[in-house]
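In case you want the letters, here they are:
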Amino acid sequence: MTRGGGRSAPWCPGCIRSATGMRKQMRPFVCVRTFEPRHLDFNELARERSPSSTWNELLSHEQVSLIRRVLQAQSFLIDPNCEYVRYWDLIIAVALVFTGVVTPYEVIFMKQTHPTDWLFVINRAVDLIFIKDMAMQFFLKVEVQMKGKYGVRMLKSPSVIRRRYLSTWFPIDVVSVLPFDVFFVLYDDAKSLSGIKILRCLRLMRLVKLVRILRTSRLILRWQNYFAISFSSQKLAKFSFILVLTSHWLACVWGLVGLTFGSELCDEHGERLTLEGDVPLEEVSWVTTLFLGGKHSPDNPCVPWHVYIASLHWSVMTITSIGYGDIVPVRNEEYIVCIVCMFLGGVLCAYIIGSTCGIISNIDPVEGAFETNTDLLNAMMREAGVDTAKRQNYREYLREAKACDTMGHFRGVAQKFSPQLKGELLLHVSSSWVDTVWYLKNAPESLTMDLCDVLEAKFFSKKESLHDLFEYLCVIERGTVVSAGIILTPGCTFNIDFIVNNPMLRKRDPTISLNYSLIMCLNRESFFELLLKHAQFERNVRKAAMKIAVSRCVLLCAGKSNHLAMAKSLPKSHWPSLVDMFQDIDMVEDEDTIVSKTREKFIGSVSQGFVVGGAVPRSSSRPMSERGTPEGRLDALEAGLAASAAAAQLQLAELQQKITDLRCLRLELAENVSI
């Protein structure tokens, strides 16, 4: 939509609808749109109303009226993706299957049907369905391939749609719905034997309906988005249907040749004729050879089903190249037809077998990768001489790791979607763990989508330590994990305190994978990068980090004091102060080389309101009116902890400097004594 200037209008083609249009859109079978999107120039619309006016000068209701009038659908067209068309496609599919299966059998093997026969009535009903479908094609929007580009576009011009249909499928559709059966009912010469053959040849015109089966592809494309069946299964079903339908058609062709060139063995009432002498050579066919002397059986050539089964037996033998030899061509015309059918059957059988083998080999890419990796692993272990017992463990790991590979393939497919659809897809699959983390329960949906997107899949073997995951929030997708003596099953999380900045205030409980475990890991840096997009929720996470840090700090101090009191038997009045506890914590921290801060950096962080163990630096200044609130008390406690930590750090730095000086002095004295 192109705006010609002025203030922006708050309307779009999808939003402007009348009450009647809204009600119609809510109905599932309404396929005619009330409005159609098109390019608009707002100032041009205003000049149409009044040559001297501009868009900004119009009132709101005048603007709405103009836009509604321009976007109003100018013609009656049917949306091919609506629900009514989909269900109509099912009816067309049933009619096409009936045409492809029943019509050839009826035309070739059955006698002329009477208007009171059930088959005659069904044929007329199918013709009516096809006539209605023809009428719909003049009003149905069509998707066509864009020339020189990838993708399709929708034809919405009624004149273009009708010209395109008249020049393509319309002649075939007209011929396919002509009531040939009605003409044949009026054919009086059908009572003679020669008339039966002529009638059978004329009825072949009804087989023009089979051309409509070529339009089945458009029906499948419309329904493809609604199928939950894998493409490999769809292809196998398609090949099976093609094989069965081709066998049926070849059987009908073979039966047509035998009945057309052979002598008539039945009269107009379906009774078997008594022939005097042998059949003339010019009227010999595979049918006369089979039923007059080829076999001794109760089968009757006047029963259409018996002749059809014999023809089907021959067609299946021809396609599969088995060839029992009990039904063979006996005249030149039959040899020609037989050669053509063998060519077609051989090519079709080879194509189906090759395609089926390709589908089966690629039906599961994860299984294929597993087999390839296992073969490579076996070859490498054989060359390296790996112990037999360990070889089994390595193979078992690859077999169990297929779950991780499947997850990787799925996430790779999800990356091909747009950001919104990708987030929704991952949200449906991987969002159940969010409710198990107490500070993420009220997280915005967009943040949850982003978190599911940045999860990393890691796979661990039996009895493997998970000490490398302290910087991750971990979600158990598969397997069993024990952490701090607690057994965690799929859906549980651990390391939820990864939001705490100070590693000394995070739990470092021993965590071990009891069996093969698939764990989805959320990196700490990625988590805080995503939080920058959600300032309000980021504040909640900071508060949660501060609460965890304060509680862990108090527990550490209490535990250290209790330990010193028990070791030195000191009374409570002589227990170390909070500053001493922070000093001890930092000394341990320095010994483990977890965090190393210089004096200047630490003082600078204190001046910025650094939270000991918090998520990120933030100012703790708060107005006097808010200091009585819970947040104010937390800020006060935060400031006190920061001051205690600062004093402890300064004392620690001075003590370490004295120790360094004493060590240097000891070295000098040792050198003097040696001299």
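Draft legend 1. Seen up close, the packing of aromatic side chains. One pass over the full model with this rule turns up 19 aromatic pairs. A ring pair is formed by F459 and Y516, whose centres lie 6.1 Å apart and whose planes are at 5 degrees; its orientation type is stacked. Of this pair, F459 sits in strand 3 (residues 456–460) while Y516 is found in the loop between strand 9 (511–513) and strand 10 (517–523), placing the two residues 57 residues apart along the sequence. The buried category is assigned to Y516, whose relative accessible area is 9%. Through successive ring pairs, a cluster of aromatic residues spans Y105, F109, W305 and Y308. The aromatic ring of F120 is capped on one face by R124, whose charged end is 4.7 Å from the ring centroid. A cation sits over an aromatic face here: K458 above Y472, 5.4 Å from the ring centre.

Draft legend 2. Broad picture of the state of the cysteines. Summed over all chains, the structure comprises one disulfide. C341 provides the cysteine sulfur closest to C338, a residue in no disulfide bond, and the two sulfurs are 6.9 Å apart.

Draft legend 3. Region of the structure containing the pattern of salt bridges. Taken as a whole, this structure holds ten salt bridges when the rule is applied. D127 is paired through a salt bridge with R124; the nearest N and O atoms lie 2.9 Å apart. Taken together, the residues span about one helical turn, with D127 and R124 both in helix 5 (residues 118–137) at a distance of three residues. Assigned by exposure class, D127 and R124 land together as buried. The closest approach of N and O atoms between E538 and R542, which form a salt bridge, is 2.1 Å. Of this pair, E538 and R542 both sit in helix 21 (residues 535–568), four residues apart, which is roughly one turn of that helix. The class of R542 is partly exposed, set by a relative accessible area of 24%.

Draft legend 4. Molecular detail of a nonpolar patch on the surface. On the surface, V97, V101, F241 and I242 cluster together into a nonpolar patch covering about 300 Å² of accessible area. Put simply, the parts of the chain that give the nonpolar patch at least two residues each are helix 4 (83–109) and helix 11 (231–261). If you trace the backbone, V101 turns up in helix 4.

Draft legend 5. Geometry of the layout of surface pockets. A volume near 980 Å³ is recorded for the largest pocket. If you go around the largest pocket, you meet 27 residues; those closest to its centre are T216, I220, A237, K238 and F241. For the lining of the largest pocket, the secondary-structure elements that each account for two or more residues are helix 4, helix 10 (216–223) and helix 11. Looking at the lining of the largest pocket, the element that brings in the most residues is helix 11, giving eleven residues. Taken together, the residues of the lining of the largest pocket sort by class into 17 nonpolar, seven polar and three charged.

Draft legend 6. Broad picture of the sheet that holds strand 4 (residues 464–465). Ordered by their spatial adjacency, four strands build an open sheet running 4-9-6-7, and the pairing between neighbours is antiparallel. Whereas interior strands pair on both sides, the edge strands pair on one side only; in this sheet they are strand 4 and strand 7 (486–488). When strand 4 meets strand 9, the two strands line up antiparallel, connected through two bridges. Following the sheet pairing, S465 is matched in strand 9 by I512.

Draft legend 7. Structural view of the packing of helix 11 against helix 14 (residues 332–361). Packing of helix 11 against helix 14 leaves a shortest axis separation of 11 Å and a crossing angle of 175 degrees. Comparing the axis directions of helix 11 and helix 14 gives the class roughly antiparallel. Split into classes, the residues belonging to the contact of helix 11 with helix 14 amount to 16 nonpolar, five polar and three charged.

Draft legend 8. How the structure looks around the environment of H409. You can see H409 is positioned in helix 17 (residues 402–414). On the accessibility criterion, H409 (41% relative accessible area) is partly exposed. In this structure the C-alpha to C-alpha distance between H409 and V366, which are 43 residues apart in sequence, comes to 8.2 Å.

Draft legend 9. Region of interest: the side chain of S517. Tracing the sequence through the fold places S517 in strand 10. Among the polar contacts made by the side chain of S517, one reaches the main-chain carbonyl oxygen of T480 at a distance of 3.4 Å. Other than its neighbours up to four places away in sequence, S517 contacts K458, F459, F460, R478, G479, T480 and V481.

About the criteria used
Residues numbered from 1 in each chain as written. Predicted model: local features only at pLDDT ≥ 70, side-chain atom pairs only at ≥ 80, totals over all residues. Heavy atoms only, no water. Phe/Tyr/Trp six-rings, centres within 6.5 Å; stacked < 30°, edge-to-face > 60°. Helix = DSSP H or I, 4+ residues; strand = E, 2+ residues; numbered from the N terminus. Buried < 20%, exposed > 50% of the residue type's maximum accessible area, 1.4 Å probe, protein only. Lys NZ or Arg CZ within 6 Å of the ring centre and 35° of its normal. Disulfide = S-S within 2.5 Å. Salt bridge = Lys/Arg side-chain N within 4 Å of Asp/Glu carboxyl O. Patch = residues over 30% accessible without salt bridge, like charges linked within 9 Å, V, L, I, M, F, W, Y side chains within 5 Å. Areas by Shrake-Rupley, 256 points an atom, 1.4 Å probe, with all protein chains shown as cover. 1 Å grid on protein atoms, 1.4 Å probe; cavity = no way out; pocket = protein on both sides within 12 Å on 5 of 7 lines; lining within 4 Å. Points joined across faces, edges and corners; volume = space filled by probe spheres on them. Nonpolar A, V, L, I, M, F, W, Y, C, P; charged D, E, K, R; others polar. Pairing = 2+ DSSP bridges. Axes fitted to C-alpha atoms, helices over the stretch in contact; angles between N-to-C directions. Parallel < 35°, antiparallel > 145°, perpendicular 65-115°, else oblique. Polar contact = N/O pair within 3.5 Å; in protein donor to acceptor, adjacent residues only side chain to side chain. Contact = heavy atoms within 4.5 Å.

None of the figures reported here should be taken as evidence of function without further support.
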